[in-house]
Amino acid sequence: MATSYIKEKSTGKILTSTTGQDQNNPIHTEAMNNFVTSRGWNLDDYDIGFADDNVVDEWIKAQYEASKTYADKRKTEYPPMEDQLDYIFHHGVEKWKEDMIIPVKNKFPKE
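Residues numbered from 1 in each chain as written. Predicted model: local features only at pLDDT ≥ 70, side-chain atom pairs only at ≥ 80, totals over all residues. Heavy atoms only, no water.

1. Side note on the nonpolar core
When a protein is soluble and globular, its nonpolar side chains tend to lie buried together. Within the largest apolar cluster, six residues are counted, these being A2, I6, M32, V36, Y46 and F50. Secondary structure elements with two or more residues in this core: strand 1 (2-8), helix 1 (26-37) and strand 3 (46-51). When sequence neighbours within four positions are dropped, the list of residues in contact with M32 reads S4, Y5, I6, I48, G49 and F50. (Core = buried A, V, L, I, M, F, W, Y, C linked by side-chain atoms within 4.5 Å. Buried < 20%, exposed > 50% of the residue type's maximum accessible area, 1.4 Å probe, protein only. Helix = DSSP H or I, 4+ residues; strand = E, 2+ residues; numbered from the N terminus. Contact = heavy atoms within 4.5 Å.)

See the structure below:
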């Protein structure tokens, strides 16, 4: 079993994927072709195939990471708000900016 996928050639973007597919079953390939053509898209613009589940998962993860904005990336890097407020209380606003805010902003600058 494998994961079927339809990937846009120009961008590498995965449009759809389905795990647990039998790559030897021509019905799956026909269904994927129909998915593309029913939308009026040109089959030559898409990579349609099968790959190991882990490979497709990695493509999707990379696609997700690439789609994140600088703000999305910063949100996950900042400490929880409670920790930031505690830091401000004990060290002051300037030290908080210097230690917690500026490093994250430098790591993920505005695009």
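2. Remarks on the pairing of strand 2 (residues 14-21)
Regular strands place side chains that alternate from one sheet face to the opposite one. Of the pairings in the sheet, the one linking strand 1 to strand 2 comprises five bridges and is antiparallel in character. What sits directly across from I6, in strand 2, is T16. Where strand 1 folds back onto strand 2 in an antiparallel hairpin, the turn is made up of five residues, including G12, whose phi is positive at roughly 80°. (Pairing = 2+ DSSP bridges.)

3. Topic: the side chain of T3
Relative to the helices and strands, T3 is located in strand 1. One polar contact links T3 to D53, side chain to side chain, over a distance of 2.3 Å. Not counting residues within four places of it along the chain, the set of residues in contact with T3 comprises S17, T18, T19, G49, F50, A51, D53 and V56. (Polar contact = N/O pair within 3.5 Å; in protein donor to acceptor, adjacent residues only side chain to side chain.)

4. A closer look at the packing of helix 4 (residues 81-91) against helix 5 (residues 93-107)
Contact pair helix 4 / helix 5: the axes reach a minimum separation of 7 Å and the direction vectors enclose 135°. Classified by the angle their axes make, helix 4 and helix 5 are oblique. Crossing geometry of helix 4 relative to helix 5 is assigned as right-handed. From helix 4, D83, Q84, Y87, I88 and H91 reach across to helix 5, where they touch V93, K95, W96, D99, M100 and I101. A class-by-class count of the residues in the contact of helix 4 with helix 5 yields six nonpolar, two polar and three charged. (Axes fitted to C-alpha atoms, helices over the stretch in contact; angles between N-to-C directions. Parallel < 35°, antiparallel > 145°, perpendicular 65-115°, else oblique. Left-handed = near helix turned anticlockwise from the far one by under 90°. Nonpolar A, V, L, I, M, F, W, Y, C, P; charged D, E, K, R; others polar.)

5. Some thoughts on the sheet that holds strand 3
Overall, antiparallel pairing links the three strands, which are arranged 2-1-3 in an open sheet. Looking along the sheet, the strands with just one partner apiece sit at the ends: strand 2 and strand 3. Taking each pair of neighbouring strands and ignoring which way they run, the sheet shows an average axis angle of 15°. Pairing between strand 1 and strand 3: six bridges, direction antiparallel. Residue pairing across strands places K7 opposite D47, the latter belonging to strand 3. Strands in contact with helix 1 are strand 1, strand 2 and strand 3; relative to strand 3, the strand with the most contacts, it is inclined by about 150°. Where helix 2 (residues 53-67) meets the sheet, its contacts fall on strand 1, strand 2 and strand 3, and the angle it forms with strand 2 comes to roughly 155°.

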